[in-house]
Amino acid sequence: MGTVIQEHDLGALVVGVTLLGSGGGGDTGAFGRMLRRRLGAGELVLRDAADVPGVSVSPIGVVGATSVLMEKLPGGGEFDAAVRAVSRWTGTEVTGLMSLEAGGLNGLTPLIAALDLGLPVVDADLMGRALPRLDQFSWAVAGRSLTPCALSEPSGQVIVVDNVDAAGLERAVRSFVAHTGGWAVLALAPTPVEAAAADAVQGSLTRALALGRAHAGLEPGATPAVVAESLGGRLLGTGRVEEVARHLIGDGGAAFGRGSVCIVDAGSRAVIRIETENEYLLALVDGIPVVTTPDLLCVLDRRTLQPIAVDAIRSGDEVLVLALPGPAWWRRPDRLTHVGPQAFGLACAPQLLEAS
Amino acid sequence: MRDLAPSLAAMLSSPGWTNVVVLGAAADDGPRLTGSRVLLEVSSHPESLDGQLLVVLLADDHTDWRIDALISRASAAGAGALLLAGVEPLGRGAQLLAERLQLPVLGCSDPLAAHEYLRRVTAEPEVVRSDLVLRAVAALRRAGGDLTSVLRTTSDVLERPVTLAGADGGTLAGEPLEAGERTALVAELPRVPVAWAAPYRVDLPSGAVMVAVAVVGVGPVCWLVARLPGVVPAEVAAVPDVLSVVAPAVGERLALRRLELERDARQRTSLLGELLHGEPSEATRRRAVDLGWQLDGWHTGIRIGAEGQVDVAGRRADVVEAFDAEGLRAVVVEQGDGWSGWITAVREPTATEVQQQAAVIRRVHRRLVQTVDAYVGVGRVQPGPSGIATTLAEAGDAAGLARGRAETGRFLHVDRLGLAQLLLAWTRTDTFQPAAQALLAPIKDQPGDLVTTLAVYLDTESSLAETAAVLGIHRNTAAARITKIQHLLGVDLTNPDERLALHLAARTTPTE
């Protein structure tokens, strides 16, 4: 069995993957529209790994500066080019696709690629949410090599990378996108679906769809508590954004913009502070850390209930701050060290919601 | 220990914390800080603090989320306040949080020094005290000779303003007191202090404290006052000791100053005495030049008398100042219970100029009256060195008359003396003087100073008791003398005509 997606589900799916983005993962709107156009009146099935035995799946997605996607639009052939390159290098035909990252726009890209290439999509991904670095792919954490893999960028250039660890791949990808179009499609080596799914987060897109549907089902005037309950999360506060501070920190090779958002709860006057990089990483209420990665922190516009991304939040916004449970896959201590707050340079023990 | 705990506001205005700034959540007075505890860095966890200041030695980034977390932990641990290394502003979130938890957050470029100071004033008040006293003693040894330098040295040691105030709170040296402080101080201090009295502490409504120690020495009592903008108990306890050490030094400086003043006064008075004695000698002229007196030219004498006990030498500066303020360059000399002075012009002034000058001297008088119960007489313009004596004599007469004349504002100018002056002038004429002397000749060389006794007796409206009191003799002695005078002169003092003649004669005859 799988989850069937039709045109009328797309709105919910887009909101769902945005929520899984925890404030990051790039703008889903453009890919949402692209997907709507590709899908038309047809339907797309998100398959369980168990339903497609024997398929060689390639995890696929967009890497690089997702904000550049708005300016440098996809040409259409990037997915095909990457998949063909990795097939050719490995000598294994790609017969299925899965997502690199379920949160944000990469929750949608494999669906577009699947429609373009006519391949089945397995509902599994390597993050279960949005995370910024390639060494945070579940494959890398589980000890599976990320290479060989192929990158293709909008003007047609393709490179294949092999025999390098996750950090080396990260460097290679960054220098490639920095010197080309700012972003590229990354396709990992085709892998038997049983092995691929064993070291991946399963069912994220189905979860995204469920989240999106719950979100769509909310009344326009729903109270914050109702919103939190409907989405299965915890309400941290409701109020005005008092300050958004952003500063770049040079952190070895990868420099992400570190920042913080300060919100004062309208009712209790509690001070909520959220530390950010590409995603919302850590929330403190009155100075006490309450939720950290890998759980999801979502900031919603109080009026429209639409998620607000890290790079879009502004002082004066009236918002809800919600925490949703992160993917269960990460909740093992040995995995947690790769995605917990320490992995982002925040000296704080992981604070996770009670597993629901 | 709690009674040694200063409020945050007092600490912020204390000398050891001059470089501490408030970064967030400053209340009016702030909490009382019971002590100080050090934490190495922001991620450390404080133990129970019970109102102590938590000092964090390493805090590079004041916008870091760990500052927020630390504020929360410090508040939970019961910290009185939090002090971070560095003075960069806090992030908005930390500020809001500090306000919410009412935990003042401070910044300081040298957190260890701030910690050390707070620890000392809360835990080792006697060290603070002995340190200040020793430093004051050492600094006084190096201080310059004058009063200002002693006060400045003390002020430097205490790092607080120090003032020498008079009994009325007026500033004699150092930084002037504000009006409110002055009133509060005068209300608290006794009129007549005793040397061994404990230092006085005056608490102002603003929360500031003044500590006053009496400086008892020559001249009127004055007070050495230190002002502390807030109560740091250890400091408030130490300052009186420091002031008590300094007070004798101040007294000594005051005595030296007084000595100089008296010496100068004596010099001037003796020179004036010589001038009044007739044509000045060569030596006298030289000394006059040394003092800047111009003997030639046209002089206008001025006599300023003062009622009551007035420190004539000490207040001379006020008189000179009053003349200066009105643009008159007058020589002022202490003489008796007042001052004699004169103004010298190169050429003879016209009548109008004389009138104008008199008007200006009247203004000088009005200025003086604000602080001294003074009466003033002004003589006529007289030329040459001997003119000084003449015009001063006139001024003296005028002053004598002015004293009893409230209707002229206790100011008389000889040109306007009218009848009274004519009468007095007449007694100085060549016809009256010999007659007067002849009249009194029988009692002149008798034992018991009969001339003076007679003059006093008549001045006191023939009261024996009063006469005895003025002369300091027994009533019976006075009665015996009067009887003797009547006998020797062969007069009846109850006869009005005879009494008038004798009264005038007694007035005009100089007594030895």
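Small disclaimer: the values here were computed from a predicted structure and weren't measured.

A. Up close: the interface of chain A and chain B. Counting residues at the interface gives 20 residues for chain A, matched by 13 residues for chain B. With both sides pooled, the region where chain A packs onto chain B buries about 1,300 Å², and carbon together with sulfur makes up 59% of that total. When the area that chain A buries against chain B is broken down by residue, the three leading residues are A:V271, A:R273 and A:D286, summing to 37%. One can count 3 salt bridges joining chain A with chain B.

B. Broad picture of the sheet that holds strand β4 (residues 81-85) of chain B. Residue and element names in this part refer to chain B. Ordered in space as β1-β5-β4-β3-β2, the 5 strands form an open sheet in which the pairing is mixed. The open sheet is flanked by β1 (20-24) and β2 (36-41), the only strands paired with a single partner. If you compare each strand with its neighbour and ignore which way they point, the axes differ by 30 degrees on average. Two strands pair when backbone bridges link them, and β4 and strand β5 (residues 105-108) are joined in this way by 4 bridges, in the parallel orientation. Paired with L82 across the two strands is V105, which belongs to β5. Where helix α2 (residues 65-76) meets the sheet, it contacts β2, β3 (53-58), β4 and β5, and its direction lies at approximately 150 degrees from that of β4.

C. Broad picture of the packing of α2(B) against helix α3 (residues 92-101) of chain B. Residues and elements named next belong to chain B. Here α2 crosses α3 at 10 degrees, and the two axes come no closer than 9 Å. Regarding the angle of α2 to α3, the classification is roughly parallel. Residues I67, D68, I71, S72 and S75 of α2 touch α3, and the partners they reach there are G93, A94, L97, A98 and L101. Looking at the contact of α2 with α3, its residues break down into 6 nonpolar, 3 polar and 1 charged.

D. Just the domain arrangement of chain A, in detail. All names here are of chain A. Domain assignment breaks chain A into domain 1 (2-204) and domain 2 (222-344). For domain 1 and domain 2, the distance between their C-alpha centroids amounts to 25 Å. Taken together, the contact pairs 27 residues of domain 1 with 26 residues of domain 2. Summed over both partners, the interface of domain 1 with domain 2 buries about 2,000 Å², with 68% contributed by carbon and sulfur atoms. Run the count over domain 1 and domain 2 and you get 0 salt bridges. Where the side of domain 1 that touches domain 2 is concerned, the elements lending two or more residues are α1 (10-20) and α5 (138-141). The residue makeup of the side of domain 1 that touches domain 2, split by class, is 14 nonpolar, 9 polar and 4 charged.

E. Quick peek at the side chain of A:E277. Residues and elements named next belong to chain A. Along the chain, the position of E277 falls in the loop between β13 (271-276) and β14 (280-285). Its relative accessible area of 8% is what places E277 among the buried residues. A polar atom in the side chain of E277 sits 3.3 Å from the side chain of R258.

F. Seen up close, the nonpolar core. Ranked by size, the top nonpolar core spans 55 residues in total, and within it A:I5, A:L13, A:L111 and A:V227 carry the most contacts. The element best represented in this core is α1(A), accounting for 8 residues. There are two domains that each give this core at least three residues, and those are domain 1 (2-204) and domain 2 (222-344) of chain A. Those residues in contact with A:I5 that sit more than four places away from it in its chain are A:L10, A:L13, A:L39, A:G42, A:E43, A:L44, A:L46, A:L111 and A:L209. Of all hydrophobic cores here, the second largest spans 50 residues; its members include B:L83, B:L164, B:L224 and B:V236.

G. Seen up close, helix α15 (residues 450-459) of chain B. All names here are of chain B. With 9 of 10 residues buried, α15 is to be regarded as a mostly interior element. Among all positions in α15, only L450, V451, T452, T453, L454, A455, V456, Y457 and L458 are buried. Of the surrounding elements, those touching the buried residues of α15 are α14 (432-444), α16 (464-471), α17 (475-489) and α18 (496-508). Of the residues flanking the end of α15, it is E461, one or two places downstream, whose phi is positive at about 60 degrees.

Thresholds, definitions, all that
Residues numbered from 1 in each chain as written. Chains lettered and ligands numbered in written order. Predicted model: local features only at pLDDT ≥ 70, side-chain atom pairs only at ≥ 80, totals over all residues. Heavy atoms only, no water. Contact = heavy atoms within 4.5 Å. Buried area = accessible area lost by both parts, 1.4 Å probe. Salt bridge = Lys/Arg side-chain N within 4 Å of Asp/Glu carboxyl O. Pairing = 2+ DSSP bridges. Helix = DSSP H or I, 4+ residues; strand = E, 2+ residues; numbered from the N terminus. Axes fitted to C-alpha atoms, helices over the stretch in contact; angles between N-to-C directions. Parallel < 35°, antiparallel > 145°, perpendicular 65-115°, else oblique. Nonpolar A, V, L, I, M, F, W, Y, C, P; charged D, E, K, R; others polar. Domains from an automatic or database assignment. Buried < 20%, exposed > 50% of the residue type's maximum accessible area, 1.4 Å probe, protein only. Polar contact = N/O pair within 3.5 Å; in protein donor to acceptor, adjacent residues only side chain to side chain. Core = buried A, V, L, I, M, F, W, Y, C linked by side-chain atoms within 4.5 Å.

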